[in-house]
Amino acid sequence: MNDRPTVRVRFAPSPTGPLHLGGVRTALYNFLFARNMGGKLILRIEDTDQTRFVPSAEGYILDSFAWCGIEFDEDVVKGGPHAPYRQSERSALYRKYIQELISNGTAYYAFDTEEELNARREALKAQNQTFQYDCRSRMEMKNSLTLGPEETERLLAAGSSYVVRLKVPAGEVVRFSDLIRGDIEVQTENIDDKVLFKSDGLPTYHLANVVDDHLMEITHVIRGEEWLPSAPLHVLLYRSFGWEATMPHFAHLPLILKPDGNGKLSKRDGDRLGFPVFPLEWTDPVSRETSRGYREFGFLPGAFLNMLALLGWNPGHDREVMGIDELISLFSIERVGKSGAKFDWEKARWFNHQYLQAMSNEQLAMILQADLEKNGVTADRAFVEKVCGLVRDRAFLIPDLWDNAWFFFKAPGAYDAQAVARFWSPEIAGLVADFIAGGRLLQEWNHETVQVFVKDFTAKHGIKTGQLMNPLRLLVVGSSQGPGMMDISELLGKEEFLRRLEHGLSALKK
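If you're wondering where the values come from, they're calculated on a predicted model, not measured in any experiment.

(A) Representation of empty space enclosed by the protein. Considering all chains together, one arrives at one cavity of 30 Å³ or more under this definition. In this structure, the largest cavity encloses a volume near 30 Å³. The wall of the largest cavity is formed by Ser14, Pro15, Thr16, Glu46, Asp47, Thr48, Asp49 and Phe53. Taken together, the residues of the lining of the largest cavity sort by class into two nonpolar, three polar and three charged.

(B) Up close: the nonpolar core. Formed by 96 residues in total, the largest nonpolar core has its most connected members in Ile70, Phe304 and Phe343. With nine residues, the single largest contributor to this core is helix 1 (residues 21-36). When neighbours within four sequence positions are excluded, Ile70 is seen to be in contact with Val24, Ala27, Leu28, Phe31, Leu41, Phe65 and Leu305. Formed by 57 residues, the second largest nonpolar core is a distinct cluster that contains Leu368, Ala395, Trp445 and Val477.

(C) Representation of the layout of surface pockets in the model. Roughly 980 Å³ of volume is contained in the largest pocket. Sorting the residues of the lining of the largest pocket by element identifies strand 1 (8-11), helix 1, helix 6 (205-215) and strand 8 (220-224) as the ones contributing at least two each. No other element matches the four residues that helix 1 contributes to the lining of the largest pocket. Per-class residue counts for the lining of the largest pocket are 13 nonpolar, 12 polar and 10 charged.

(D) Looking closely at the pairing of strand 9 (residues 249-253). Of all five residues in strand 9, four are buried; the element is thus mostly enclosed. Sheet topology places strand 8 next to strand 9; five bridges connect them, and they run parallel. When the sheet's bridge partners are listed, His220 is paired in strand 9 with His249. Handedness of the β-α-β unit built from strand 8, helix 7 (residues 231-241) and strand 9 comes out right-handed.

So, how was this worked out
Residues numbered from 1 in each chain as written. Predicted model: local features only at pLDDT ≥ 70, side-chain atom pairs only at ≥ 80, totals over all residues. Heavy atoms only, no water. 1 Å grid on protein atoms, 1.4 Å probe; cavity = no way out; pocket = protein on both sides within 12 Å on 5 of 7 lines; lining within 4 Å. Points joined across faces, edges and corners; volume = space filled by probe spheres on them. Nonpolar A, V, L, I, M, F, W, Y, C, P; charged D, E, K, R; others polar. Core = buried A, V, L, I, M, F, W, Y, C linked by side-chain atoms within 4.5 Å. Buried < 20%, exposed > 50% of the residue type's maximum accessible area, 1.4 Å probe, protein only. Helix = DSSP H or I, 4+ residues; strand = E, 2+ residues; numbered from the N terminus. Contact = heavy atoms within 4.5 Å. Pairing = 2+ DSSP bridges. Right-handed = clockwise from strand over helix to strand, strands pointing away.

Structure below.
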């Protein structure tokens, strides 16, 4: 009989802006771990910081996961046994638990004003010291520990502004084990008396996080390493509530680093180097600045997740392309590294290329259809599939399909100046005119017959194949791009191919 508790993990973003690449990876690792262990994944919106709250951010988060294909078992839409899943809707719970800490002596009221705290900081700064509200300084501050119960009650009754702080014990060592980083010990003198309840009547992240993880029966907290310094404080909170026996296991994930490995990957790096750091397009509600996402750049969700999964996790073999089911079956926290993972844009494109190449021409045609419609093109599906078969090898991102195929659906309206300078001359114009005349006489027009015609034509005129094919490509395509000319000629057909040559010949004579 298996009496192991059901694994329950959560991803708990703050709706303060767009979802970063690192946040998606954290959610992905939680998803893979939950599915691998037959557990549950919860999405909880941590919106207690009203000063940074962005109304559109929650919808963006939900839309991002819908596109990625990361599914939650309980969230703000589906609900669940521990609803509500927005912290702003759970205020009464936090008030109850903060009172419990005050009652058992592990938390206290602090009435220090911001001006008083700043004055304290400046005074110590002048002495080359740093102020920390902790077990060494709290008895010199304005709080319920120094004021006594009567004065504390008087201030509370008078409506004085206050916060509630955790009373971190002095002279102790906080010990816990991290599934990625091993055993960790922190002296309590290095932990400040963090604010648990703010003057606006809302809890801080620390209190709400621990209370919700306990009430939602979270068994494993898998989050970014930026939260590692907060872990000892959270352990103390579990102890203060008497919840140590059910405290979740911790796993702090390594950072996603800049391409050069020097620091955490940021939006600024993406802007500077030309790649996205958000899953979907995001428009800043204040500046109105728009940042494209992986979806808009042309990534397939599966490729995006596959790429992210390998930024910090090793599957135990050298194969890199893996679908979501295989990622789930192989995933384990033990194979997550401690060191940061450098982001590689070209590698990300490579993953998407692999996924595009694994698709059938029929599937690629369905993807290309959106660009056809956007450009006002109506085309036979069988024709579109043949086009996809010719250009697929050049497609790393979805827009590459149209960029490499548009000339199959629309004749060029202009000709690349560099290609004209390189491949065009009056003598070439004469050759093209002769080619058109000879082509008109061909009874059959396909890959083989055109190839034979080109071979005979170049031999007759004493030129190399490239001296003919490059100018033909220029007139038919408008540049020097595209697949083999025999393939282009066969797919366009005799009339369209020769019509484009005639039009280009006329245009370049002017």
